[in-house]
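Now for the letters of each chain:
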Amino acid sequence: MTRNYSQTNEITALYEISKLLGSSLNIRLNLRGVMRVLSEYLDMKRGTVALRSSNEVSVIAAHGMSEEEIKRGRYRLGEGIIGQVAKHGSPIVIPNIGDEPLFLNKTGARKTIKKENIAFLCVPVKFKNEILGVLSVDRLFGSKGVSFEEDLRLLKIIASLIAQSVKLHMEVEREREAFLEEKENLKQQLKGRYRVENIIGNSDRMQEVFESIHKVAPSKANVLLRGESGTGKELVAKAIHYMSQRTKGPFIKFNCASIPEGLLESELFGHEKGAFTGAMSMRKGRFELAHGGTIFLDEIGDLPLTLQPKILRVLQEKEFERVGGERTIKVDVRLIAATSRNLEEYVSSGKFREDLYYRLNVVPVLLPSLRERREDIPVLMEYFLRKYNEENGKSVSISSDVLNVFMNYEWPGNVRELENTIERLVVMSREKVASLHDLPFNIKDQSLKARYAVQIKDALPSAIEEIEKTRILDALKKTGWVQAKAARLLGLTPRQIGYKIKKYRLEQGSL
Ligand SMILES: Nc1ncnc2c1ncn2[C@@H]1O[C@H](COP(=O)(O)OP(=O)(O)O)[C@@H](O)[C@H]1O
Ligand SMILES: [Mg+2]
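About the criteria used
- Residues numbered from 1 in each chain as written.
- Chains lettered and ligands numbered in written order.
- Predicted model: local features only at pLDDT ≥ 70, side-chain atom pairs only at ≥ 80, totals over all residues.
- Helix = DSSP H or I, 4+ residues; strand = E, 2+ residues; numbered from the N terminus.
- Contact = placed C-beta atoms within 7 Å.
- Axes fitted to C-alpha atoms, helices over the stretch in contact; angles between N-to-C directions.
- Parallel < 35°, antiparallel > 145°, perpendicular 65-115°, else oblique.
- Nonpolar A, V, L, I, M, F, W, Y, C, P; charged D, E, K, R; others polar.
- Core = buried A, V, L, I, M, F, W, Y, C linked by C-beta atoms within 7 Å.
- Buried ≥ 20, exposed ≤ 12 C-beta atoms within 10 Å, placed from the backbone.
- Near = placed C-beta within 6 Å.
- Pairing = 2+ DSSP bridges.
- Arc of directions from axis to C-beta.
- Left-handed = near helix turned anticlockwise from the far one by under 90°.

*Asks:* Where do I start with the overall build of the chain in this structure?
*Replies:* If you tally the helices and strands in the chain, you get 18 helices and 17 strands. Looking at the chain alone, contacts between residues at least 24 apart form 66% of all its contacts between residues at least 6 apart.

*Asks:* Can you walk me through the packing of helix 17 (residues 483–490) against helix 18 (residues 494–503) in this structure?
*Replies:* For any two helices packed against each other, the geometry comes down to the angle between their axes and how far apart the axes lie. For the pair helix 17 and helix 18, the least separation of the axes is 9 Å and the interaxial angle reads 105°. Between helix 17 and helix 18, the angle falls in the class roughly perpendicular. Along its contact with helix 17, which presents Gln-483, Ala-484, Ala-486, Ala-487 and Leu-490, the element helix 18 presents Pro-494, Gln-496, Ile-497 and Gly-498. Grouping the constituent residues of the contact of helix 17 with helix 18 by class yields six nonpolar, three polar and no charged.

*Asks:* Help me understand the nonpolar core, please; the structure alone is not making it clear to me.
*Replies:* A general trend in soluble globular proteins is that nonpolar side chains are found buried together. In terms of nonpolar packing, the biggest core is built from 43 residues, with Val-34, Ile-82, Val-125, Val-134, Leu-135 and Ile-162 touching the most fellow members. If you list the elements that add at least two residues to this core, you get helix 1 (7–21), helix 2 (27–42), strand 1 (46–52), strand 2 (56–63), helix 4 (80–88), strand 5 (118–127), strand 6 (130–140) and helix 5 (149–192). Looking at which element gives the most residues to this core, the answer is helix 5, with seven residues. Counting residues in each nonpolar core, the second largest holds 38 residues, with Met-206, Phe-254, Leu-335 and Phe-352 among its members.

*Asks:* What is the right way to look at the site of ligand 1 in this model?
*Replies:* Surveying the vicinity of ligand 1 reveals 14 residues, the closest of which are Ile-200, Gly-232, Lys-233, Glu-234 and Val-415. Broken down by secondary-structure element, the contributors of at least two residues to the shell around ligand 1 are helix 7 (233–242) and helix 15 (414–428). Taken together, the residues of the shell around ligand 1 break down into four nonpolar, six polar and four charged.

*Asks:* Help me out: how do you make sense of the pairing of strand 7 (residues 223–226) in this one?
*Replies:* Walk down a regular strand and you will see the side chains alternate between the two sheet faces. As paired elements, strand 7 and strand 14 (residues 334–339) share four bridges and run parallel to each other. Bridging from a neighbouring strand, Leu-225 pairs with Ala-338 of strand 14. Bridging between strand 7 and strand 15 (residues 363–366) involves four bridges; their strand directions are parallel. By the bridge assignment for strand 15, Arg-226 is matched with Leu-366.

*Asks:* Would you take a moment to explain the sheet that holds strand 6 for this structure?
*Replies:* In a beta sheet, neighbouring strands are held together by backbone hydrogen bonds and run either parallel or antiparallel to one another. Taken together, six strands build an open sheet; the order of strands is 3-2-1-6-5-4 and the sheet is antiparallel. A strand with exactly one partner marks an edge of an open sheet, and here the two such strands are strand 3 (74–76) and strand 4 (92–94). Within this sheet the neighbouring strands show an average axis-to-axis angle of 20°, counted without direction. Note: strand 1 against strand 6, six bridges, orientation antiparallel. Paired with Leu-51 across the strands is Gly-133, a residue of strand 6. Sheet strands touched by helix 4: strand 1, strand 2, strand 3, strand 4, strand 5 and strand 6. Its angle to strand 6, the strand with the most contacts, is close to 145°.

*Asks:* Is there a simple way to explain the pairing of strand 6 in this structure?
*Replies:* Counting buried positions along strand 6 yields eight of 11 residues, so the element is predominantly enclosed. Where strand 5 meets strand 6, 10 bridges bridge the pair, whose relative direction is antiparallel. What sits directly across from Ile-118, in strand 6, is Leu-140. The turn joining strand 5 and strand 6, which pair antiparallel and follow one another in sequence, is formed by two residues; a positive phi near 50° is taken by Lys-128.

*Asks:* Would you mind showing me how to read helix 8 (residues 261–269) here?
*Replies:* Each turn of an α-helix holds 3.6 residues, which means side chains three or four residues apart point in the same direction. Within helix 8, burial applies to Leu-264, Leu-268 and Phe-269. Axial view of helix 8: buried residues confined to an arc of 85°, hence all on one face. Among the exposed residues of helix 8, those pointing more than 90 degrees away from its buried face are Gly-262 and Leu-263. On its buried face, helix 8 sits against strand 8 (251–255), strand 9 (270–271), helix 9 (286–289), helix 10 (308–317) and strand 12 (319–321). Of the residues flanking the end of helix 8, it is Gly-270, one or two places downstream, whose phi is positive at about 80°.

*Asks:* What am I meant to see in the packing of helix 13 (residues 377–392) against helix 15 here?
*Replies:* The N-to-C vectors of helix 13 and helix 15 enclose an angle of 45°; their axes lie 9 Å apart at closest approach. Here helix 15 runs oblique to helix 13, going by the angle between their axes. Helix-helix and strand crossings are classified by hand; for helix 13 and helix 15 the assignment is right-handed. Taken together, the residues of helix 15 that come into contact with helix 13 (itself represented by Leu-380, Met-381, Phe-384, Leu-385, Tyr-388, Asn-389 and Asn-392) are Val-415, Leu-418, Glu-419, Ile-422, Glu-423, Val-426 and Val-427. Grouping the amino acids of the contact of helix 13 with helix 15 by side-chain chemistry returns 10 nonpolar, two polar and two charged.

*Asks:* In this structure, what is going on with the sheet that holds strand 15? I would like to understand it.
*Replies:* Reading across from one edge, 8-11-14-7-15 is the order of the five strands in this open sheet, with parallel pairing throughout. Whereas interior strands pair on both sides, the edge strands pair on one side only; in this sheet they are strand 8 and strand 15. Going from strand to strand, the sheet's axes swing by 20° on average, the running direction of each strand aside.

Interpretation note: all reported values are geometric properties and have no functional meaning in isolation.
Next up, the structure:
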């Protein structure tokens with residue numbers, strides 16, 4: 001068969017192909033162009049480029065095939081001719097596909113042509129020794145006994161151009177994926193870092209608190225804040241209020257433990273004029289004042305049993321009567337309650353109504369003690385230092401041994417105690433750097449005791465041994481080194497004293 005393309009044609013084609021391969025970032029598009037050039041210049045009727053993954057090879061660009069046919073072009077490694085070339089990396093030429101049992105025609109692209117008229121040439125797309133895929137073309141021929149050597153040579157060159165381009169593309173793709181992954185990671189990290197204004201804390205425990213605040217604030221749910229005194233319950237209650245839709249409404253705070261029982265009801269629900277002696281005029285209670293906003297009931301555990309049903313009613317029916325009044329008053333109030341008490345214990349001992357407990361405990365938020373999140377101490381310290389330096393027009397900083405003491409101190413008063421301690425340091429310190437002797441006595445005392453306790457614990461065993469050794473030595477001297485007698489004197493068995501004498505290496509003449 002005579003070549004129907006010339007040398008110049010070949011070079012033009014290669015030039016076109018290399019240009020096309022670099023034409024866009026879309027490798028499929030580029031390869032489709034390549035196949036078109038092949039068919040135009042080299043009279044090859046059909047062609048595919050298939051790329052290899054770990055266990056299969058699939059057609060990604062073709063000429064003379066429909067999208068459907070392209071989709072069907074997937075082969076396991078070793079399956080069919082394309083699979084074979086993808087697996088072993090050597091070219092295969094089928095001079096006449098009609099004679100070839102390996103020929104699968106999976107894509108169904110050649111149904112209309114008599115198989116005897118088609119030769120199939122298949123070369124690996126290799127970058128160095130890596131098999132990236134397969135380039136294959138169908139060549140129509142009229143007569144039998146054609147040599148395909150020239151075609152093969154050209155296809156190998158084209159395959160190597162494709163290989164470079166595919167490799168480059170894969171690298172770009174990998175980088176892009178890594179970039180996207182990193183972006184996604186960063187996004188996740190950012191998503192995990194909830195922030196709430198004015199509430200400091202980087203610890204995981206505080207992150208959980210921030211997450212709860214973000215979730216619960218926009219809802220209508222009542223919230224129960226739990227945690228020791230000074231852990232920030234009131235701060236969180238305010239944050240929830242200001243992050244809710246009620247932000248423009250009032251935030252009314254009331255401490256149930258702060259007022260004698262007799263006055264509580266009228267404080268909370270108000271009273272009518274003349275309701276009791278001294279009730280000179282009508283007065284609104286906290287619930288009424290909180291209408292359209294949030295009421296924060298601190299130390300809810302201290303709410304007397306007599307008042308608990310009334311609170312339950314406001315929560316459920318949103319209504320109440322003022323003390324000494326008949327008229328039912330309707331309010332729209334969100335309740336945030338707080339307690340440092342063990343409410344469950346209160347419930348089981350009958351101090352707290354179970355139904356109210358369940359009403360309140362719909363969304364509990366637990367504020368961790370400062371001891372449980374010591375990693376937040378330095379950031380809190382810095383925050384309060386800046387705050388009180390600003391307030392006092394000072395620039396006091398803190399020495400590292402103070403930080404050390406702070407990190408180890410128990411902080412029974414939690415953040416409130418830390419805040420007060422730092423305010424005091426800033427106010428009192430005459431030096432630029434506050435040091436240990438500026439600390440309040442209780443903190444210094446605890447840290448001294450802690451250090452002392454450590455020393456004693458370390459020293460104890462050797463002190464005991466020293467005493468024991470002296471006593472045994474004394475007994476031995478008294479009994480003229482008769483071990484049995486010395487043992488009896490000390491209340492030991494002969495075996496025990498023998499063991500101790502060896503242990504302390506006691507011998508006559510020892511001091
Ligand atoms: N995480 C925190 N970040 C900044 N300040 C805090 C934090 N937790 C508590 N505080 C401060 O500590 C003090 C006590 O907080 P508060 O909310 O009254 O505690 P609680 O109601 O639990 O007793 C307040 O001055 C508050 O601003
Ligand atoms: Mg409080």
